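Single-letter residue listing:
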Amino acid sequence: IPLDRFRNFCIVAHIDHGKSTLSDRLLEITGTISSSNTNRQILDTLEVERERGITVKAQTCTMIYNHNGEDYLLHLVDTPGHVDFRAEVTRSYASCGGALLLIDASQGVQAQTVANFFLAFAEGLKILPVINKIDMTAADVPRVLEQIESTFELDSSKAIGVSAKTGLNVKNLLPAIVDTIPAPAGDATKPLRMLLVDSWYDSFRGVVCLVRLFDGTVKAGDQLVSFATGHKYTVGEVGIRYPTQVPQTILRAGQVGYVFFNPGMKKIQDAKLGDTYTTVGSEDVVEPYPGFEEPKPMVFVAAFPTDPADYSRLSDSISQLVLNDRSITLYKDHSEALGAGWRVGFLGSLHCSVFQDRLRQEYGASVIITEPAVQTKVMWENGQETIHQSPVDFPEFEERKTRATFFEPFVLATLTVPEEYLGRAIELCEASRGEQESIEFFQGMQVILKYRIPTAQLVDDLFGKLKGVTKGYATLDYEDAGWRESDLVKLQLLVNKQPVDAIARVVHRSQVERLGRQWVTKFKEHVQRQMFEVVIQAAVGKKIIARETLKPFRKDVLAKLHASDITRRKKLLEKQKEGRKKLRAVGNVVIEQEAFQKFLAK
Ligand code: GDP
Ligand code: MG
């Protein structure tokens, strides 16, 4: 099939507007998968994506469509729908000539549709508006047509109404794709210029790369070099996904396909997002694709094995999870209370919670995960700046003899809210220390709010809370808005005056009272009584914010215990020995690991 009959496209949509369903339907109509195929939503291959109904990694699938007697090669590049994965979205768009702008007829245009449209538009993609779910009684097609004109300034007469679910009118989409979306530019006779769009780990082949060829060709045996790392590789196999990996003898300019190397690339971290590859020897004549970016983690958690003996086993599994996700950063960490563990960085809170879920699913009780935290920045009096990922190394109150200024990261959040929930959405933003940037009434029913909000508040389930106060109707999109000065303090939990480092948090001063009270009450519930009094306190520096006391065993209980027969005491001591592994000492207080786990669980 010649280049002018290639079409590379993606689907731009808000979550739940039917991207996966429509992809399946297109694959069916072109005979790529059979309609009886039970393997629904073929592009959402990762299990966790299927579970949550979200696409985390970009996938691609090739279809062959016969139009007026000629075969066309259509590459559908699936893109992550969630804003945590913005960089991945942009790279996927770069591999396409056009996009279907998919809008749910019952919901209308939503925040993510707008955000992703502008990303696609900025990449120069041709846009074909598609209205989905026209089978629903709540569908309001005229309203969506109007939004297409007013919001995107697109010709709404080109829009196609479909039902991805019933298949209604979907077959008319294919000729429109062929007509609207341009064939990829590119010259197969030029030296190779290949963009790495995505990658995943395959235990047999090592890292498999999803690539888009701008110029040139690539085949097994070719020697390639990466612009980002300078590493050289020999190509082991090339192919397309149709719908699973189908080897080809050659990939040519304009194509989207997969490549893996022999020997295989070992670390997913070597497969840099947005990196350009060329043939060894052509480095000087090929211009790399611009805008290659290292992923920037935004949310951090620490993870510890419940039983220190599990350290190496857990270490293997965490490395395995990280292996498949180049955007996770991993460092070793250590806690006085919990021992050796890891500090893990994520692109955003969804990304983080997906990882936590997986780890908990697989390891349940054997892992303790601390609360998600964001980075903080300290500017010291001498002008020096330090960035802190962990509350543990955040300067203590007493250390602030020199004057220092504290900064926390902010995001610019864009919320779409139906007008009737506007008041409650604004209340929530204000309570989350947000500052309003703008408010815009949109199509008479929806309001678009822009707020500057601390990233820490975003991470503290802002989206969940927003959905709560708007019956699920609001949407949230955000972008990084840099550092802002903030009155940050380190809140600590003390057990008989000893700080429990794993629980420390850097928070805004306004949150100290409420959180401190909550901590001591909650922690008391999970700690066992001891022979002596246990004092649980929340403190900022030397200042005690909240306090609870756990009374010792009563004297008569102890007396009874002493009076009991010797064999029973022996038994108890044996038991205690067994249990010792699971216990942690904080100062003179022995705390069960379970207590930490329960305390840190939501
Ligand atoms: P995605 O998040 O954009 O991938 O959306 P999905 O394809 O997972 O669809 C979200 C929900 O909408 C699912 O429950 C689908 O069954 C439903 N859905 C998708 N397309 C249609 C449609 O044309 N009509 C109706 N009634 N429901 C649809
Ligand atoms: Mg989906």
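Residues numbered from 1 in each chain as written. Chains lettered and ligands numbered in written order. Predicted model: local features only at pLDDT ≥ 70, side-chain atom pairs only at ≥ 80, totals over all residues. Heavy atoms only, no water.

The name given to the chain in an unreviewed UniProt entry is Tr-type G domain-containing protein, with the source organism recorded as Xylaria flabelliformis. Here the chain is described in UniProt, under the heading Function (unreviewed entry), as follows: "Promotes mitochondrial protein synthesis. May act as a fidelity factor of the translation reaction, by catalyzing a one-codon backward translocation of tRNAs on improperly translocated ribosomes. Binds to mitochondrial ribosomes in a GTP-dependent manner." Quoted verbatim from the Catalytic activity (unreviewed entry) field of UniProt, the annotation for the chain is "GTP + H2O = GDP + phosphate + H(+)". (UniProt positions renumbered as here; feature names shortened; annotations may be inferred.)

Q: Whenever I open this one, the packing of aromatic side chains confuses me. Can you help?
A: For the structure on display, the rule yields 13 aromatic pairs. Ring geometry for Phe117 versus Phe121: centroids 5.6 Å apart, planes at 25°, classification stacked. Note that Phe117 and Phe121 are positioned in helix H4 (residues 111-122) at a spacing of four residues, about one turn of the helix. Take Phe117: its relative accessible area is 2%, and that puts it in the buried class. Here the aromatic rings of Phe117 and Phe152 are separated by 4.4 Å at their centres, their planes lie at 50°, and the arrangement is tilted. Taken together, the residues span a long stretch of sequence, with Phe117 in helix H4 and Phe152 in helix H5 (residues 141-152) at a distance of 35 residues. The burial state of Phe117 is the same as that of Phe152; both residues are buried. Among the aromatic residues, those joined into a cluster by ring pairs are Phe117, Phe118, Phe121 and Phe152. Lys377 extends its terminal NZ or CZ atom over the ring of Phe407, reaching a point 5.0 Å from the ring centre. In this arrangement the basic side chain of Arg484 is found over the ring face of Phe410, its NZ or CZ atom lying 5.1 Å from the centre. (Phe/Tyr/Trp six-rings, centres within 6.5 Å; stacked < 30°, edge-to-face > 60°. Helix = DSSP H or I, 4+ residues; strand = E, 2+ residues; numbered from the N terminus. Buried < 20%, exposed > 50% of the residue type's maximum accessible area, 1.4 Å probe, protein only. Lys NZ or Arg CZ within 6 Å of the ring centre and 35° of its normal.)

Q: What's the story with the nonpolar core in this structure? I'm lost.
A: In globular proteins that are soluble, nonpolar side chains generally tend to be buried together. Counting residues in each nonpolar core, the largest one holds 40 residues, and the members touching the most others are Phe355, Leu359 and Leu415. By size, the runner-up hydrophobic cluster in this structure holds 34 residues, among which are Ala99, Leu101, Val144 and Val197. (Core = buried A, V, L, I, M, F, W, Y, C linked by side-chain atoms within 4.5 Å.)

Q: Even after reading the chapter, I still don't get the site of ligand 1, so can you show me in this structure?
A: Inspection of the region around ligand 1 gives 16 residues, with Asp16, Lys19, Ser20, Thr21 and Asp135 positioned closest. Here an oxygen atom of ligand 1 and a backbone polar atom of Asp16 are 2.7 Å apart. One nitrogen or oxygen atom from the main chain of Lys19 is found 2.7 Å from an oxygen atom belonging to ligand 1. Coverage of ligand 1 by the protein chains reaches 78% of its 580 Å² of free accessible surface. In terms of residue class, the shell around ligand 1 is made up of three nonpolar, eight polar and five charged. (Near = heavy atom within 4 Å. Polar contact = N/O pair within 3.5 Å; in protein donor to acceptor, adjacent residues only side chain to side chain. Areas by Shrake-Rupley, 256 points an atom, 1.4 Å probe, with all protein chains shown as cover. Nonpolar A, V, L, I, M, F, W, Y, C, P; charged D, E, K, R; others polar.)

Q: Sorry, what's going on with the environment of Leu251 here?
A: Mapped onto the elements of the fold, Leu251 is located in strand S13 (residues 251-252). Judged by relative accessible area, Leu251 falls into the buried class, the value being 0%. Taking the C-alpha atoms as reference, Leu251 lies 9.8 Å from Val211; in sequence the two are 40 residues apart. Not counting chain neighbours up to four residues away, the residues in contact with Leu251 comprise Val211, Leu213, Gly216, Thr217, Val218, Val238, Gly239, Ile240, Gly257, Tyr258 and Val259. (Contact = heavy atoms within 4.5 Å.)

Q: Sorry if this is basic, but what is going on with the pattern of salt bridges here?
A: Two side chains carrying opposite charge are able to pair once their charged atoms lie near each other. Applying the stated criterion to the full structure yields 17 salt bridges. When the shortest N-O distance is used, the salt bridge between Lys219 and Asp222 registers 3.2 Å. Here Lys219 falls in the partly exposed class, since its relative accessible area comes to 39%. When the shortest N-O distance is used, the salt bridge between Lys465 and Asp460 registers 3.5 Å. The class for Lys465 is partly exposed, based on a relative accessible area of 34%. Because the salt bridges share partners, they merge into one network encompassing Arg517, Lys524 and Glu548. (Salt bridge = Lys/Arg side-chain N within 4 Å of Asp/Glu carboxyl O.)

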